[in-house]
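The primary structure of each chain is shown beneath.
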Amino acid sequence: MRGILVAGVSAFTAIVSVVSAPTAGAEATADRARSFSETTSVGVHNSYEKATFPYFADALDSGASLLELDLWTNGGGPDWRVSHMNPVASDSNCVGAQDASGLRSGQRDQGLRGCLADMRAWHEADPEHPPVMIKLELKDGFTTGYGRGPADLDALILGTLGDAVFTPSDLMGESYSTPDAAVTDRGWPSMSEMSGKFLFELIPGTIEEGNPLDTEWTDRQYATHLRDLSAAGLVQLGAAFPAVHRASPGDPRIDRYADPGIRPWFVIFDGDALDYTSGVVDPQWYHDRGYLLVMTDAHKVAPQIDGAHATEAEASERLDRLAGDHASYITADWSRLPNVLSTVVPRR
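Everything in this summary refers to the structure shown in the same document. (Residues numbered from 1 in each chain as written. Predicted model: local features only at pLDDT ≥ 70, side-chain atom pairs only at ≥ 80, totals over all residues. Heavy atoms only, no water.)

Attention shifts here to the overall build of the protein. Broken down by element type, the protein carries 13 helices and 10 strands. Relative to the 2.2 N^0.38 estimate, which gives 20 Å for 348 residues, the radius of gyration of the protein is 19 Å and therefore close to what a compact globule would have. Each of the three principal axes of the protein carries a C-alpha extent, and together these read 60 × 45 × 45 Å. Residue pairs at least 24 apart in sequence account for 70% of intrachain contacts in the protein once pairs closer than 6 positions are excluded. Carbon together with sulfur atoms contributes 52% to the accessible area of the protein, which is approximately 13400 Å² in total. On the protein, the mean spot of the 27 positive side-chain charges and the mean spot of the 49 negative ones are 1 Å from each other. (Helix = DSSP H or I, 4+ residues; strand = E, 2+ residues; numbered from the N terminus. Rg over C-alpha atoms; globule rule 2.2 N^0.38 Å. Contact = heavy atoms within 4.5 Å. Areas by Shrake-Rupley, 256 points an atom, 1.4 Å probe, with all protein chains shown as cover. Lys, Arg positive; Asp, Glu negative; His and termini not counted. Charge placed at Lys NZ, Arg CZ, Asp CG, Glu CD.)

This is the structure:
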């Protein structure tokens, strides 16, 4: 039976604002007890690119709380490709390691199977690691006819990582019928309970969103898939959380999804930090309801800082600023700032 892994000795890195030795133990204990939705942490954009991290293991070791993979599913190439621009072949830092000794050897440019194998090998070497959000951008959406639909993705993720994945079913437990009902009533698990977990977020891709012939984007298609699994009593087969992509005022699910039956399957929201801090969208709305809010391009918020080469002080200040704007995650290309990547602060 799948369920939440409870671990008492490892969770997110200690809150950066608390550094005095006499209180470190008490603060670490308080941090582990904190709800997963009451923290703000840092992610890295396009973490699979070799120029960002030589190996995906380096991304996992960096301390980043969110890592991103771009997926291609069209019939022009095999399987689930991981690449930014090449739609028919993988261009990635994943090697498909069989165990921890192979995480930095072997042929890179593996697809999603290889990236998941790296995650499994890394997880097995440290099963109580801090939780990691894996953001999947499906560049051209699902392609069910080629074995690359929602159910195929579920089977691949759960077949590789098993109970290391925190799923919608885990969030809902036995008491709630949708993720929305769970988070707005009970909330997310504690940081301690999320130790050793991967959480998968799905967003529609840039090609999909720009394709006028594609009317069934990743978010809508996967939420419908989860709803249908639940109706069939099989929600435990769902591996990922669909996210509402791009900011808009009010409850963005209402205008975005005509079918009210799929709206409660969205508890993650993802968009540009500028949009959430411009005064048009109220980010506190998400925080008050226990939703996770991913703010991308954090460096573009005024005063703008470098998206790849900000100083540690600049990036830390930006993290603190956006925690005050209710972000759950902020992302940029700060792969060379491990102290920042491993920092978690209270969401305010």
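Below, the discussion takes up the packing of aromatic side chains. Scanning all chains against the criterion turns up 13 aromatic pairs. Relative to Tyr 222, the ring of Phe 142 lies with its centre 6.4 Å away and its plane at 25 degrees, an arrangement referred to as stacked. You can see Phe 142 sitting in the loop between β4 (132-138) and α4 (150-161) and its partner Tyr 222 sitting in helix α8 (residues 218-231), a full 80 residues away along the chain. Side by side, Phe 142 and Tyr 222 carry an identical accessibility label, which is buried. Centre to centre, the rings of Phe 166 and Phe 241 are 6.4 Å apart; their planes meet at 10 degrees, and the pair counts as stacked. With Phe 166 in the loop between α4 and α5 (168-172) and Phe 241 in strand β6 (residues 240-245), this pair connects stretches of sequence that are 75 residues apart. (Phe/Tyr/Trp six-rings, centres within 6.5 Å; stacked < 30°, edge-to-face > 60°. Buried < 20%, exposed > 50% of the residue type's maximum accessible area, 1.4 Å probe, protein only.)

Turning our eyes to something else, we now look at the state of the cysteines. In the structure shown here, the tally under the stated rule is 1 disulfide. Two residues share a disulfide in this structure: Cys 94 and Cys 115, whose sulfurs sit 2.0 Å from each other. Measuring the twist about the S-S bond at about 95 degrees, one finds the Cys 94-Cys 115 disulfide to be right-handed. Here Cys 94 is found in the loop between β3 (81-82) and α3 (112-125), whereas its partner Cys 115 is found in helix α3, with 21 residues between them in sequence. Here Cys 94 matches Cys 115 in class, with each residue buried. (Disulfide = S-S within 2.5 Å.)

For helix α12 (residues 312-323), with 12 residues, the first-to-last C-alpha span of 16 Å sits near the 16 Å given by 1.5 Å per residue. When α12 is considered as a whole, its buried residues turn out to be Ala 315, Arg 318, Leu 319, Leu 322 and Ala 323. Along the axis of α12, the buried residues cluster in a sector spanning 135 degrees; they form a single face. Taken together, the buried residues of α12 touch β1 (39-44), α10 (273-276), β8 (292-296), β9 (329-332), α13 (338-341) and β10 (345-346). (Expected span 1.5 Å × (residues − 1). Arc of directions from axis to C-beta.)

On a regular strand, one side chain projects to one face of the sheet and the next to the other, so that they alternate. The buried count for β8 comes to 5 of 5 residues, which makes it a mostly enclosed element. Burial of β8 is two-sided: the residues Leu 292, Val 294 and Thr 296 facing one way and the residues Leu 293 and Met 295 facing the other way are all buried. Sheet topology note: the strand β7 (residues 268-272)/β8 ladder contains 5 bridges and is parallel. By the bridge assignment, Asp 270 is partnered in β8 with Val 294. Examined bridge by bridge, β8 and β9 share 2 bridges and lie parallel to one another. Opposite Met 295, over in β9, you have Ile 330 as the bridge partner. Between the parallel pair β8 and β9, the chain is carried across by α12, and the sense of this crossover is right-handed. (Pairing = 2+ DSSP bridges. Right-handed = clockwise from strand over helix to strand, strands pointing away.)

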